[in-house]
Amino acid sequence: MKINNDWDYILKNEFEKQYFKDIESFLDKAYKEKNIFPPRDEIFKALNLSSFEDTKVVILGQDPYYNYGQAEGLSFSVKKGVKLPPSLRNIYKELEDDLGIEPSNNGSLISWAKQGVLLLNSSFTVEEKKPNSHKSIGWQILSDKIISILNEREKPLVFILWGNFAKSKKSLITNPIHLLIESAHPSPLSARHGFFGSRPFSKANKFLKDNNIKEIEWKIENQ
């Protein structure tokens, strides 16, 4: 699997380890026999669009959307034309409350990724209609390594952890030069228990600005 930027070199040793070879063997079989998301050529889309050097913000998700045609390799993002999932609708609501940006009818967050927002799922693949079905095939070893590598970076960045699963990765983020933003998950079950009003977007941009890093344009254009 090629990412086509600096991640290829940075993760080269991981790609040569047995656990990653086991992931590839598992996926060779799974993609032939079942509906697996995202499409195989989009598994590393988050890394492809946000290189190690250019990453400014990390938004950590659990695993890809598991309904047909939704996932595009970016956490919380869905392909253009797909109905907005409830969590993304709440993300857009908080974005409007935080920065006055009207909610988009377009759920693809590619424009964020191209600006250095790494939309990283802890598991990179999932089987149709089976959430968390690939949580034990080895992906979390790789995603934890990615978080750890970013933590060691000398250039400041923002980690946004929404919900208990994302917060469980907090122990990997120890470098005091980075900003850690935590809140409840944006899902309808928990958004009113600390996600709404958390203002992650303005906090992230203030931190970037204070560190002389170009801020993120969070507005998503309508399709």
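Details of the structure are given in the entry above.
What counts, and where the lines are drawn
- Residues numbered from 1 in each chain as written.
- Predicted model: local features only at pLDDT ≥ 70, side-chain atom pairs only at ≥ 80, totals over all residues.
- Heavy atoms only, no water.
- Helix = DSSP H or I, 4+ residues; strand = E, 2+ residues; numbered from the N terminus.
- Expected span 1.5 Å × (residues − 1).
- Buried < 20%, exposed > 50% of the residue type's maximum accessible area, 1.4 Å probe, protein only.
- Pairing = 2+ DSSP bridges.
- Contact = heavy atoms within 4.5 Å.

Let's shift gears to helix α7 (residues 139-151). Its 13 residues give α7 an end-to-end C-alpha distance of 18 Å, which sits within 8% of 18 Å, the value for a rise of 1.5 Å per residue. Burial in α7 covers these residues: W139, L142, S143, I146, I147, I149, L150 and N151.

All right, on to the pairing of strand β2 (residues 57-61) then. Burial analysis of β2 places 5 of its 5 residues in the buried class, which makes it a mostly covered element. By the bridge criterion, 5 bridges tie β2 to strand β3 (residues 117-121) in an arrangement that is parallel. Across the sheet, residue V58 finds its bridge partner in β3, namely L118. Judged from the 4 bridges that link them, β2 and strand β5 (residues 158-162) form a sheet pairing that is parallel. Each residue of the ladder has a partner; that of L60, found in β5, is L161.

On to the side chain of Q70, then. Along the chain, the position of Q70 falls in the loop between β2 and α5 (86-99). The class for Q70 is buried, based on a relative accessible area of 13%. Apart from the residues lying within four places of it in its own chain, the contact partners of Q70 are Y65, S77, V78, K79, V82 and P85.

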